[in-house]
Amino acid sequence: AQPKQTPEFFERETNMPTREHLEGQWREWRYAHVATMFRPYGWTSLVAQYWLEEGQKGVTFDLLPGTWSVEDGRIMFTPPASGPTLSVNGEYPAGPVEIVPGRNQTYGHGKSEPVYFGINEVETILRSKHDGQPLYGVRVRDPRQATRLEDAGVTAFDYDPAWRIPGVYMPSALTEFEAETVEAGVRESTPRIGTFTFDHQGKSYSVVLIGKQTATGVQPVAHIRDRTSGPVTYGAGRVIELQFTDDTHTRIDWIDFNYAVALPCAFTNFVTCPVVPPENQLDFEVLAGEKRPAQQVVRTMTYQS
């Protein structure tokens, strides 16, 4: 469907902030994004990704102490009888303790608590298998192994306001969608919240939006591939955060491709990045946003059914 061409739409399209303003805001955001990606416990510090299924007990992992199990959907850690153990929310557990799924240092939302083993951070995640049954992951982050920015070779196109394209958001009821991921046999929940429709070179496009849960609420995200994916930008696609422009979260006025960034799987093997939705395969070159990192990750699977 074509965007609704109302007077309000044309007002939004013509009343664009100055280039200086847009570029300045993008430059500050770009610095913060890169700093977040490459900080000590950022995505590039991941060194292990282990898997558990319901009912498993007494499982041990190479880089972690004690034993692990899943009991009624709860990931449980049992400390060793002696020796080093985990620090869970600032305390050494005296007995079995639940390690609540979340992204502790990455987003810090939900009920997850900071967990460490020495200098390493530990987190748990909830995923699913192809048959829909739950799958539980345990990840380890080592700040000593975090990729340095200069080694990753991360660059971006210069800001171009032509890639800030107006459009119309069509919200829908939040729908949980179990997406295929780069980790074979593992699916990840990607809650869909609607579509964003825009025009480019006389053609209309509608992309599915994901609603990423953050500490400040739902963040709309478009996960796309285009004709630059592979040779110029990251092959598995890029993600773009969009912004609600009203308090009711029913309106989005722009998609700014200058904010497109590579997925974490561009920098580490220990993730479950979703595959791009078929609807979000764009048939033109998006010469904006982040380019393909110079450092390549050799994809190996961490899950075996």
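Here the residue index of a chain counts from 1 through its sequence in written order. Given that this is a predicted model, residues contribute local features only at a pLDDT of at least 70 and side-chain atom pairs are listed and counted only at 80 or more, while totals for whole chains, interfaces and linings are drawn from all residues. As a convention, hydrogens and water are excluded, and side-chain values are obtained from all of the structure's heavy atoms.

Draft legend 1. Summary view of unusual backbone geometry. Non-glycine residue Asn-89 carries a positive phi angle of around 55°. Structurally, the position occupied by Asn-89 is in the loop between strand 4 (87-88) and strand 5 (97-98). For every residue, the accessible area obtained with a 1.4 Å probe (protein chains only) is divided by the maximum for its type, and the residue is called buried under 20%, exposed over 50%, and partly exposed between those limits. Owing to a relative accessible area of 44%, Asn-89 belongs among the partly exposed residues under this scheme. Positive phi values are uncommon outside glycine, yet His-249 reaches one of about 60°. Helix numbers and strand numbers start at the N terminus; a helix is a DSSP run of H or I with at least 4 residues, a strand a run of E with at least 2. Along the polypeptide, His-249 turns up in the loop between strand 15 (238-241) and strand 16 (254-256).

Draft legend 2. Representation of the side chain of His-33 within the structure. Within the fold, His-33 resides in helix 2 (residues 19-37). A relative accessible area of 19% places His-33 in the buried class. Here a residue-residue contact requires only that any non-hydrogen atoms of the pair lie within 4.5 Å. The contact partners of His-33, leaving out residues within four places of it in the chain, are Val-261 and Glu-290.

Draft legend 3. Quick peek at the pattern of salt bridges. Think of a salt bridge as a Lys or Arg side-chain nitrogen and an Asp or Glu carboxyl oxygen that are within 4 Å of each other. All chains considered together, the criterion is met by 18 salt bridges. Residues Glu-150 and Arg-148 are paired through a salt bridge, measuring 3.2 Å at the closest nitrogen-oxygen approach. Residue class for Glu-150 comes out exposed when judged on its relative accessible area of 54%. Residue Arg-148 is classed as partly exposed on the basis of its relative accessible area of 47%. A salt bridge links Asp-253 to Arg-251; the nearest nitrogen and oxygen atoms lie 2.9 Å apart. Asp-253 sits in the buried class, given a relative accessible area of 5%. Relative accessible area serves as the criterion here: at 28%, Arg-251 is assigned to the partly exposed category.

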